[in-house]
Amino acid sequence: MDSEKYGRYQITMGSNCYVYNSIINQITMPYGTEQYNGAKILTLIHGGKIFMVNSRRRNGLILFKEYYAEFAGPGAAIGGDYDSDCQGVLPIGNLSLLTPESHEDRQKAYLIRRQWIRLIKQITESPVATQRVQKILDQFEVFFPAEIVAYIPDKAFAMLVGSLTHTVTIIRHGSVDTDADEW
């Protein structure tokens, strides 16, 4: 009987994941990223090649994994075996992807990717969900114009910091105390 319940649970989760990824792949950001929609980038990433986010622009990618999301900002490596489990992507800003020209360029891009991961890790160390959400919103608003941040779905921020989408929605509208815990 337990295995019967488990099987239904997996089917339900797979279905929800497919619908979510379909929505993410349809989102395109303004400011020149029309050439890159989520489906095209995901195809590039799954192709096994390594790319890096152009470090001369305010741009980046939110990479959606099964249970969480990562942000790859300017200079960060994407693709290869590292992102083979990527299920969806969201380009941020005027996205420009480059191919590293040398081994040193690839190494530097991987180091920068680690730095972006560490930044998100520092934000997520707070045990209070509302504080994590506020910190990620603040970081994105410092780095990107408000018009770009407004286009990023609440679900993307929630997956970056491990909170409920509802929590992000409330924090963005300013109607909750940031010292309150997740409900």
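Report on the accompanying structure.

Reading the values: rules and limits
- Chains are numbered independently. Their residues run from 1 in the order of the written sequence.
- Whole-chain, interface and lining totals are the exception, using all residues; otherwise, since this is a predicted model, local features are given only for residues with pLDDT of at least 70 and side-chain atom pairs are given and counted only at 80 or more.
- Hydrogens and water are ignored here; the side-chain numbers use all heavy atoms of the structure.
- Whether two strands pair depends on DSSP finding at least two bridges between them.
- In this text, helices come from DSSP runs of H or I with a minimum length of four residues, and strands from runs of E with a minimum of two, each type numbered from the N-terminal end.
- All axes here are fitted lines through C-alpha atoms, helices being fitted over the stretch that makes contact, and every angle between N-to-C directions spans 0 to 180 degrees.
- In what follows, residue pairs with any heavy atoms lying within 4.5 Å of each other are defined as contacts.
- What counts as a salt bridge is simple: a side-chain nitrogen of Lys or Arg found within 4 Å of a carboxyl oxygen of Asp or Glu.
- Any residue under 20% of the maximum accessible area for its type is buried, any over 50% is exposed, and the rest in between are partly exposed; the area is computed with a 1.4 Å probe on protein chains only.
- We call a set of buried residues a nonpolar core when its members are Ala, Val, Leu, Ile, Met, Phe, Trp, Tyr or Cys and they connect through side-chain atoms within 4.5 Å of each other.

### A closer look at the sheet that holds strand β3 (residues 69–72)
Move 1: Spatially, β3-β2-β5 is the arrangement adopted by the 3 strands of the open sheet, whose pairing is antiparallel. At either end of the open sheet lies a strand with only one pairing partner, and these are β3 and β5 (88–93). Strand after strand, the sheet turns through a mean of 20° between neighbouring axes, direction not considered.
Move 2: Of the strands in this sheet, β2 (59–64) and β5 are in contact with helix α2 (residues 38–46), which crosses β5 at around 115°.

### Notes on the pattern of salt bridges
Move 1: Throughout the structure, instances matching the rule amount to 6 salt bridges.
Move 2: The partner of Asp85 in a salt bridge is Lys65, with the nearest N and O atoms 3.0 Å apart. Of this pair, Asp85 sits in the loop between β4 (77–79) and β5 while Lys65 sits in the loop between β2 and β3, and the two are 20 residues apart along the sequence.
Move 3: For Asp85, a relative accessible area of 39% puts it in the partly exposed group.

### As for the environment of Gln134
Move 1: Relative to the assigned elements, Gln134 resides in helix α4 (residues 129–143).
Move 2: Under the relative-accessibility criterion, Gln134 is labelled partly exposed at 26%.
Move 3: With 38 residues separating them along the chain, Gln134 and Arg172 place their C-alpha atoms 8.3 Å apart.

### Focus: the nonpolar core
Move 1: Counting 40 residues, the largest nonpolar core has Ile62, Phe71, Ile78, Ile136, Phe140, Phe157 and Leu160 as its most contacted members.
Move 2: Counting residues per element, this core draws most heavily on helix α6 (residues 154–161), which supplies 6 residues.

### Digging into α6
Move 1: Among the 8 residues in α6, 7 count as buried, and that is most of the element.
Move 2: Turning to α6, its buried residues number three or more, namely Asp154, Ala156, Phe157, Ala158, Met159, Leu160 and Val161.
Move 3: Directly after α6, the chain includes Gly162, whose backbone phi takes a positive value near 70°.

### As for the pairing of strand β1 (residues 50–53)
Move 1: Taken together, the 3 bridges between β1 and β4 define a ladder with antiparallel strand orientation. What sits directly across from Phe51, in β4, is Ile78.
Move 2: Strand direction decides the pairing type here: β1 and strand β6 (residues 97–98), joined by 2 bridges, are antiparallel. From the neighbouring strand, Val53 faces β6, where its bridge partner is Leu97.

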